Amino acid sequence: MSYLLDPSFLRRLERMQVVSRRMMSGSHMGKRRSRSLGSSLEFADFRSYYPGDDLRQLDWNAYARLGKLLLKTFLDERELHITLYLDCSLSMNYGSPSKFAQAVQLAAALGYVSLQHLDRVSVYAFEDRVTARQPFLLGKGKSHALFQFLNGLRPGGTGSINRALRSGAAIHGKPGVSVILSDFLFEDGYEAGISFVQASQQEVILVQMLTEEERRPQLQGDLRLIDSETQAGKEIALSPPVLKDYRQSLADFQSSMKAFAARRGMVYVDADPSLPIEDIVFKTFAPMGLIR
């Protein structure tokens, strides 16, 4: 597993977990506190005794004080379902390290954390459709399968998050947390695809990855720019005013995306792919309360 993430980093991840803003109601035992009552050691409340109840749960101290038969109830522990959506379109194959390489590592880290805490993990790779998926991994022993799947992915093709995530192939029907890793640079926008995922009872985390050269290009002069996905070319004269307009357009695009996320109760993360993956996890995700 060390070919994808450093062993010392994996040991640090084992002490972390992905945070959900709501308690889970999954069907399998996990390490998450659920709203349902169950058999964990965490006390929830008292309730009156009814014939047939487990006598071992009676609180005899309460009976001595109140003369009433009361049962202790405890919170159940259930799994959380983490779904990782990985943009594999060609625009992600840019930068050094590439956005795609860092997105794969981040997906590996989040998936590994979740499997260590007995959360269920599903991964979907997409371009303008879902191109590969690894659903319903569960348990620490599935880490190798997760890493093997991620390591086999390659960027290619034209991206459309709206077409890809609005298909039934991108939805598994279980409530949980969905993390979408992408640059979100799609010709037809992103709102419809993301909204469709959220509507399937998902807490959505949008992780936007843009390289330093995309944020602050240093190009100058008369150039022919080639779209990495469509191969369409465009002649352009890059001057300081043009670059200033570009930077403002990018800032407006990111502000619009943040506002979209805020309106819909999603989380927006601006992740710098030039940073080491450890820094993205511990200095970006952790301070935002997304892992702890």
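The structure under discussion appears in the preceding block.
In this report, the structure presented in the accompanying data block is examined. Here the structure is a predicted model, which is why all the values come from computation and not from measurement.

As for the overall build of the chain
A count of helical and extended segments in the chain gives nine helices and 10 strands. Sequence separation of 24 or more characterises 74% of the internal contacts of the chain that already satisfy a separation of 6 or more. With the model as given, the accessible surface of the chain reaches about 14,600 Å², and the carbon-plus-sulfur share is 52%.

A word on helix α6 (residues 191–199)
Residues of α6 that are buried: G193, I194, S195, V197 and Q198. Contact partners of the buried residues in α6: β3 (81–87), α5 (161–165), β6 (176–182), β7 (202–209) and α8 (240–263). Phi turns positive one or two residues past the end of α6, at Q201, with a value near 65°.

Focus: the sheet that holds strand β10 (residues 267–271)
In space, the six strands of this open sheet follow the order β5-β4-β3-β6-β7-β10, with mixed pairing throughout. In the strand order of this sheet, the two ends are held by β5 (130–138) and β10, each with one partner. Ignoring which end each strand starts from, the neighbouring axes of this sheet average 15° apart. In terms of strand pairing, β3 meets β6 through five bridges, oriented parallel.

A word on the layout of surface pockets
For the largest pocket, the calculated volume is near 1,300 Å³. Within the residue set of the lining of the largest pocket, elements represented by two or more residues are α7 (212–215), β8 (221–226), β9 (233–238) and α8. Counting residues per element, the lining of the largest pocket draws most heavily on α8, which supplies six residues. Here the lining of the largest pocket is composed, by residue class, of 17 nonpolar, nine polar and nine charged.

Examining the pattern of salt bridges
Going through the model one piece at a time under the given rule, you end up with eight salt bridges. A salt bridge links D128 to R163, with the nearest nitrogen and oxygen atoms 3.7 Å apart. Residue D128 is located in the loop between β4 (120–126) and β5, and its partner R163 is located in helix α5; the two are separated by 35 residues in the primary sequence. Look at D128 and you get partly exposed, because its relative accessible area is 27%. Ionic pairing is found between R163 and D188, a salt bridge with its closest N-O pair at 3.9 Å. Residue R163 is located in helix α5, and its partner D188 is located in the loop between β6 and α6; the two are separated by 25 residues in the primary sequence. Through salt bridges with shared partners, a single ionic network connects K99, D183 and E214.

What to know about the pairing of β10
Burial of β10 is extensive: four of the five residues sit out of reach of the surface. Sheet topology note: the β7/β10 ladder contains five bridges and is parallel. Among the inter-strand pairings, L206 is bridged to a residue of β10, identified as Y268.

A few points about the side chain of E127
Residue position: E127 is located in the loop between β4 and β5. There is no salt bridge for the buried E127, and the closest opposite charge comes from R129, which lies 5.1 Å off by N-O distance. Those residues in contact with E127, other than ones at most four positions away along the chain, are C88, S89, G156, G157, T158, G159, S160, I161 and A164.

Rules and cut-offs
Residues numbered from 1 in each chain as written. Predicted model: local features only at pLDDT ≥ 70, side-chain atom pairs only at ≥ 80, totals over all residues. Heavy atoms only, no water. Helix = DSSP H or I, 4+ residues; strand = E, 2+ residues; numbered from the N terminus. Contact = heavy atoms within 4.5 Å. Areas by Shrake-Rupley, 256 points an atom, 1.4 Å probe, with all protein chains shown as cover. Buried < 20%, exposed > 50% of the residue type's maximum accessible area, 1.4 Å probe, protein only. Pairing = 2+ DSSP bridges. Axes fitted to C-alpha atoms, helices over the stretch in contact; angles between N-to-C directions. 1 Å grid on protein atoms, 1.4 Å probe; cavity = no way out; pocket = protein on both sides within 12 Å on 5 of 7 lines; lining within 4 Å. Points joined across faces, edges and corners; volume = space filled by probe spheres on them. Nonpolar A, V, L, I, M, F, W, Y, C, P; charged D, E, K, R; others polar. Salt bridge = Lys/Arg side-chain N within 4 Å of Asp/Glu carboxyl O. Lys, Arg positive; Asp, Glu negative; His and termini not counted.

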